[in-house]
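Report on the structure
Residues per chain are reported as follows:
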Amino acid sequence: MRLAKKERQKQLLITIKENPFITDEELSEKFSVSVQTIRLDRLELSIPELRERIKNVAEKQFGDEVKALPIDEVIGEIIDIELDKSAISIFDVRKEHVFKRNSIARGHHLFAQANSLAVAVINDELALTSKANIHFTHSVKEGERVIAKAKVREEKGSDRTIVEVKSFVGNRLVFTGDFEMYRNSLNEDSPMKSNEKG
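Looking at an unreviewed UniProt entry, the chain carries the name Transcription factor FapR, with the source organism given as Heyndrickxia camelliae. The heading Function (unreviewed entry) in the UniProt record of the chain holds the text "Transcriptional factor involved in regulation of membrane lipid biosynthesis by repressing genes involved in fatty acid and phospholipid metabolism." UniProt's Sequence similarities (unreviewed entry) comment on the chain is quoted here verbatim: "Belongs to the FapR family."

1. Here we look at the side chain of T15
Mapping T15 onto the fold places it in helix α1 (residues 5-18). Judged by relative accessible area, which is 10%, T15 ranks as buried. Apart from residues lying up to four places away in sequence, T15 is in contact with I22, L27, K30 and F31.

2. A few points about the environment of R39
With respect to the helices, strands and loops of the structure, R39 is situated in helix α3 (residues 35-45). Of the residues examined, R39 reaches a relative accessible area of 36% and is grouped as partly exposed. C-alpha separation for the pair R39 and E25, spaced 14 residues apart in sequence, amounts to 9.8 Å. Once residues lying within four places of it in the same chain are set aside, the contact partners of R39 are D24 and E25.

Thresholds, definitions, all that
- Residues numbered from 1 in each chain as written.
- Predicted model: local features only at pLDDT ≥ 70, side-chain atom pairs only at ≥ 80, totals over all residues.
- Heavy atoms only, no water.
- UniProt positions renumbered as here; feature names shortened; annotations may be inferred.
- Helix = DSSP H or I, 4+ residues; strand = E, 2+ residues; numbered from the N terminus.
- Buried < 20%, exposed > 50% of the residue type's maximum accessible area, 1.4 Å probe, protein only.
- Contact = heavy atoms within 4.5 Å.

Written out as structure tokens, the structure reads:
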């Protein structure tokens, strides 16, 4: 049943407040109106588009939490993080991220999303990727949303941490990576300290 404009806008505000990650398309289905109508409602109500809402939520919730790099240097938008345990980010594949001839996302964007999430999940002032074992399991197209999930798997001594990242489009696995991360708490005889001296 379609709602009157004022009631729809009231419900729209409530819905977006409860779930700031809901898309205009999902709102369109929920309220049985066109996507354009949803966009006009958002404009009238001064509700930013999805990307801005995600960015605002991430900055408010995680801006002070992420230590190893500034939140605005993470590729994609962090939507959940528990330092030294797990993190989730989303990355919307746009025209500038794909090959022109086939609209398939360039691999370095998927890698950058996963790698920056692996850095962000580390609870230290400095985290560097030592090595990565990665697999691209399925192509990603323009317009698709990639959800990357990082999980700290194991500590390797005081200076290294293994972070596993899996990226999905819907339920389809598109990327996996195991990232060995050096932490700031490096001891004097580690390879990274030796490189700094030389």
